[in-house]
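# Per-entry structural report
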Amino acid sequence: MDRRVQAVIDCDVQDPEAAFVHCWLKSGQGGECFRRGDIVFEYSPRSTAT
């Protein structure tokens, strides 16, 4: 997930401005809210192991 976030930041994806990640980081502007780490935490896959 972190690599995909970085790809948006680096504009290595088509139309990065349309991505949720772009909007999230733009809203946060480097402050305490809307941090990059929050994106990775919120969207990390959950384990399905039993």
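All figures in this text were calculated on a predicted structure; none of them were measured in a lab.

Of the regular secondary structure elements, the protein chain holds 3 helices and 0 strands. The buried share of the protein chain, taken over its 50 residues, is 16%. Across the protein chain, contacts joining residues at least 24 apart in sequence account for 29% of those joining residues at least 6 apart. As presented, the protein chain carries roughly 4300 Å² of accessible surface, and 52% of it is formed by carbon and sulfur atoms.

All right, on to the confidence of the model for the protein chain then. Overall, the prediction assigns the protein chain a mean pLDDT of 78, with 78% of residues at 70 or greater. The least confident element of the protein chain is helix 3 (residues 36-42), whose mean pLDDT is 71; the most confident is helix 1 (residues 2-9), at 88.

Those residues of helix 1 that sit buried are Val5, Ala7 and Val8. When helix 1 is viewed along its axis, its buried side chains cluster within an angular range of 155° and face the same direction. In the stretch just after helix 1, cysteine 11 is the one whose phi turns positive, near 60°.

Calculation rules
- Within any chain, residue numbers begin from 1 and follow the written order of that chain's sequence.
- The predicted origin of the model limits local features to residues at a pLDDT of at least 70 and limits the giving and counting of side-chain atom pairs to 80 or more, whereas totals for whole chains, interfaces and linings rest on all residues.
- Water and hydrogen atoms were dropped before computing side-chain values, which therefore reflect all heavy atoms in the structure.
- Comment: elements are numbered from the N terminus, with helices defined as DSSP H or I runs of at least four residues and strands as E runs of at least two.
- For each residue, the accessible area found with a 1.4 Å probe, counting protein chains only, is set against the maximum for its type, and the residue is called buried under 20%, exposed over 50%, and partly exposed in between.
- Any two residues whose heavy atoms approach within 4.5 Å at even a single point are treated as in contact.
- The protein chains shown are the only cover counted for residues, whose accessible areas, like all others here, come from Shrake-Rupley with a 1.4 Å probe.
- Residue-level confidence of the predictor, termed pLDDT, takes values from 0 up to 100.
- To obtain the arc, one takes the directions from the helix axis to the C-beta atoms.

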